Amino acid sequence: MNKNGFLYRAFDLYYDGFRNMTLGKTLWAVIIVKLIIIFAVLKFFFFPNYIGQHTEKGGEADFVATELIDRASP
């Protein structure tokens, strides 16, 4: 591997930085856990399966097409 290449130097920079972290590892773990919780809550409460609740299996495309046409026309 070419040690003077950009990708190798960029990887080495991040690898060395994360290897020498002490408090940073804990902070990254907290950030990742918070993001997982936030996205799980958002998906569960704010993005319900609307199409699945209002259509039968296999009729999803027709439902979406009908909704687009009905909502686009005044």
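As shown above, the structure is provided for reference.
Residues numbered from 1 in each chain as written. Predicted model: local features only at pLDDT ≥ 70, side-chain atom pairs only at ≥ 80, totals over all residues. Heavy atoms only, no water.

Student: Could you clarify how one ought to interpret the overall build of the protein in this entry?
Tutor: Looking only at helices and strands, one finds four helices and zero strands in the protein. For a compact globule of 74 residues, the expected C-alpha radius of gyration is about 11 Å, and the protein comes in at 24 Å, more than 25% above that figure. Oriented by its inertia axes, the alpha-carbon framework of the protein measures out at about 60 × 30 × 30 Å. Within the protein, the proportion of its 74 residues that are buried is 5%. Split by element, the accessible area of the protein, about 7,100 Å² in all, is 69% carbon and sulfur. Looking at the protein, you have 8 positive and 7 negative side-chain charges, and the mean spots of the two groups are 20 Å apart. (Helix = DSSP H or I, 4+ residues; strand = E, 2+ residues; numbered from the N terminus. Rg over C-alpha atoms; globule rule 2.2 N^0.38 Å. Buried < 20%, exposed > 50% of the residue type's maximum accessible area, 1.4 Å probe, protein only. Areas by Shrake-Rupley, 256 points an atom, 1.4 Å probe, with all protein chains shown as cover. Lys, Arg positive; Asp, Glu negative; His and termini not counted. Charge placed at Lys NZ, Arg CZ, Asp CG, Glu CD.)

Student: Hey, could you run me through the side chain of Thr55 in this one?
Tutor: Considering the arrangement of structural elements, one finds Thr55 in the loop between α3 (50–54) and α4 (60–72). For Thr55, a relative accessible area of 16% corresponds to the buried category.

Student: Help me understand the packing of aromatic side chains in this model?
Tutor: Here the distance between the centres and the angle between the planes together describe a pair of aromatic rings. What the rule picks out here adds up to three aromatic pairs. Summarising the aromatic geometry, the rings of Phe44 and Phe45 are spaced 4.9 Å apart at their centres and angled 80° between planes, so their arrangement reads as edge-to-face. Between Tyr50 and Phe63 the ring centres are 6.2 Å apart and the planes differ by 45°, which places this aromatic pair in the tilted class. Remark: Phe63 occurs in helix α4 and Tyr50 occurs in helix α3; sequence separation between them is 13 residues. The class for Tyr50 is partly exposed, based on a relative accessible area of 40%. (Phe/Tyr/Trp six-rings, centres within 6.5 Å; stacked < 30°, edge-to-face > 60°.)

Student: When you look at the pattern of salt bridges in this model, what are you seeing that I'm missing?
Tutor: Once their charged atoms are close, side chains differing in charge can pair, the charge on each being opposite to the other. In this structure the tally under the stated criterion is two salt bridges. The residue Arg19 makes a salt bridge to Asp16 at a minimum N-O spacing of 2.6 Å. Within this pair, Arg19 and its partner Asp16 are both found in helix α1 (residues 6–19), separated by three residues, close to a single helical turn. Asp16 sits in the partly exposed class, given a relative accessible area of 31%. Of the charged contacts, one joins Glu67 and Arg71 as a salt bridge, the two residues approaching to 3.1 Å between their closest N and O atoms. (Salt bridge = Lys/Arg side-chain N within 4 Å of Asp/Glu carboxyl O.)

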